[in-house]
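Residues per chain are reported as follows:
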Amino acid sequence: KVRQWGYRTFFRAADGVGLTDLATAAGQRALAQAGLTAGQIDLVVLAMADIPEHLYWDPAAATQAKVGAHHAEAVLVNQACSSGVAAFDTVAGKLATRPGYRLALLVAANRVCEEYWNRMESSTAVMSDGAVAVVLVRGHHACEWLATEIISDGRYADFFYLPGGGAARPFSAGSPAPGQIGDPAALMEEFLGHNVRELVKFARYTRDNTRAVLEQACQRAGTPRDAVRHILHMNGTAKALRDFAREFSVPLENTNADIARDYGHFGGADQLLSLGKMLDQGRFQTGDVVALSSTGNGMHWACTLLRV
């Protein structure tokens, strides 16, 4: 499946390495590169798509403690694969309502729980483990945040969830194993009653919402749509990203297609990972507008605009 979907490789964390371990390593590296100490951070936002090491536990607070940002507020964003893109809006809102906040650490992390999730079967992409972190500074001149827009439609929330566990079907001694998350395409087909017309309608709907959320972000930022030269979407299959580039009329090299092939899908961390790699490669010019685009089960469609 790795070959069929166009990936070169994917990443699996060592046994015993948890989501907050990855998040902490990324956060510490980002602080070191920015020349900052953890004690200077006012806000820590953890974005994730999977489940952390424990239930009834706050992984954002745990990451805050492990990083050493003991005086920072900790916030969790867990809107499936849209989390990393949507988290910019969380940071912007906190900075707007907290004039004293100047520095935020945004971390997007993914660690597949293989008991419940098959890396090759439970997603439309090959899943990887990893984390990426960025320091966001009020009033900073580079990689300026312009806008974030989110569209949510909860009518589709029930198509995708773990069969066992939770308050509806609690884990208990002697009960059947909770099972694994199934193939999302098959689950959506079942949710829509195996109705081909409804499946086509949903595919069109998700495509239209991806376009609409980009246009709404451009409108909010006062930026013409044709000024967006780069669109970084989820690290999907080679075909999916070719289709995405054609649909949005951007050159394939102005997407994250090549990065996706080398890294796999990191849940809500794809767009930040791709942005960082492309910045390191010098693929942007000063003033370029970059769109971070994502879709998450729930359903959510999110877009964040940045000016390099």
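Residues numbered from 1 in each chain as written. Predicted model: local features only at pLDDT ≥ 70, side-chain atom pairs only at ≥ 80, totals over all residues. Heavy atoms only, no water.

A. Spotlight on the sheet that holds strand β3 (residues 103-110). Here we have four strands laid out as an open sheet, ordered β2-β1-β3-β4, and mixed in their pairing. The open sheet is flanked by β2 (73-77) and β4 (130-137), the only strands paired with a single partner. Taking the axes of each pair of neighbouring strands and ignoring which way they run, one obtains an average angle of 15° across the sheet. Bridge count between β3 and β4: eight bridges; the pairing is antiparallel. If you follow alanine 109 over to β4, its bridge partner there is alanine 131. Its contacts with the sheet place helix α1 (residues 19-34) against β1 (43-48), β3 and β4, and it is angled at close to 40° to β4. (Pairing = 2+ DSSP bridges. Helix = DSSP H or I, 4+ residues; strand = E, 2+ residues; numbered from the N terminus. Axes fitted to C-alpha atoms, helices over the stretch in contact; angles between N-to-C directions. Contact = heavy atoms within 4.5 Å.)

B. Expanded view of the side chain of threonine 237. Inspection of the secondary structure assignment puts threonine 237 in the loop between β6 (228-232) and α6 (238-247). Of the polar contacts made by the side chain of threonine 237, one reaches the backbone nitrogen of alanine 240; its length is 3.1 Å. Aside from chain neighbours lying at most four places away, what touches threonine 237 is Trp5, Tyr7 and Thr124. (Polar contact = N/O pair within 3.5 Å; in protein donor to acceptor, adjacent residues only side chain to side chain.)

C. Local environment of the sheet that holds strand β7 (residues 289-296). Taken in spatial order, the four strands of this open sheet run β5-β8-β7-β6, and their pairing is mixed. For this open sheet the edge positions go to β5 (144-152) and β6, each flanked by a neighbour on one side alone. Going from strand to strand, the sheet's axes swing by 20° on average, the running direction of each strand aside. Pairing of β5 with strand β8 (residues 300-307), which is carried by eight bridges, proceeds in the antiparallel orientation. Looking at the pairing, glutamate 144 lines up with arginine 307 of β8.

D. Quick peek at helix α8 (residues 270-280). Along α8, the positions that sit buried rather than exposed are Asp270, Gln271, Leu272, Leu273, Ser274, Leu275 and Met278. Where α8 terminates, the next one or two residues include glycine 282, which has phi positive at roughly 70°. (Buried < 20%, exposed > 50% of the residue type's maximum accessible area, 1.4 Å probe, protein only.)

E. A look at the environment of glycine 268. Position of glycine 268 relative to the elements: it lies in the loop between α7 (257-263) and α8. Along the backbone, glycine 268 and asparagine 110 are 158 residues apart, and their C-alpha atoms lie at a distance of 7.3 Å. Not counting the four nearest positions on each side in its chain, glycine 268 is found in contact with Ala49, Cys81, Gly84 and Ala108.

F. Broad picture of the pairing of β1. Burial of β1 is extensive: six of the six residues sit out of reach of the surface. Neither face of β1 is exposed, since Leu43, Val45 and Ala47 on one face and Val44, Leu46 and Met48 on the opposite face are all buried. Inspection of the sheet shows β1 paired to β2 by five bridges, in the parallel sense. Following the sheet pairing, leucine 46 is matched in β2 by leucine 76. Regarding topology, helix α2 (residues 59-67) serves as the crossover connection from β1 to the parallel β2, and that connection is right-handed. (Right-handed = clockwise from strand over helix to strand, strands pointing away.)

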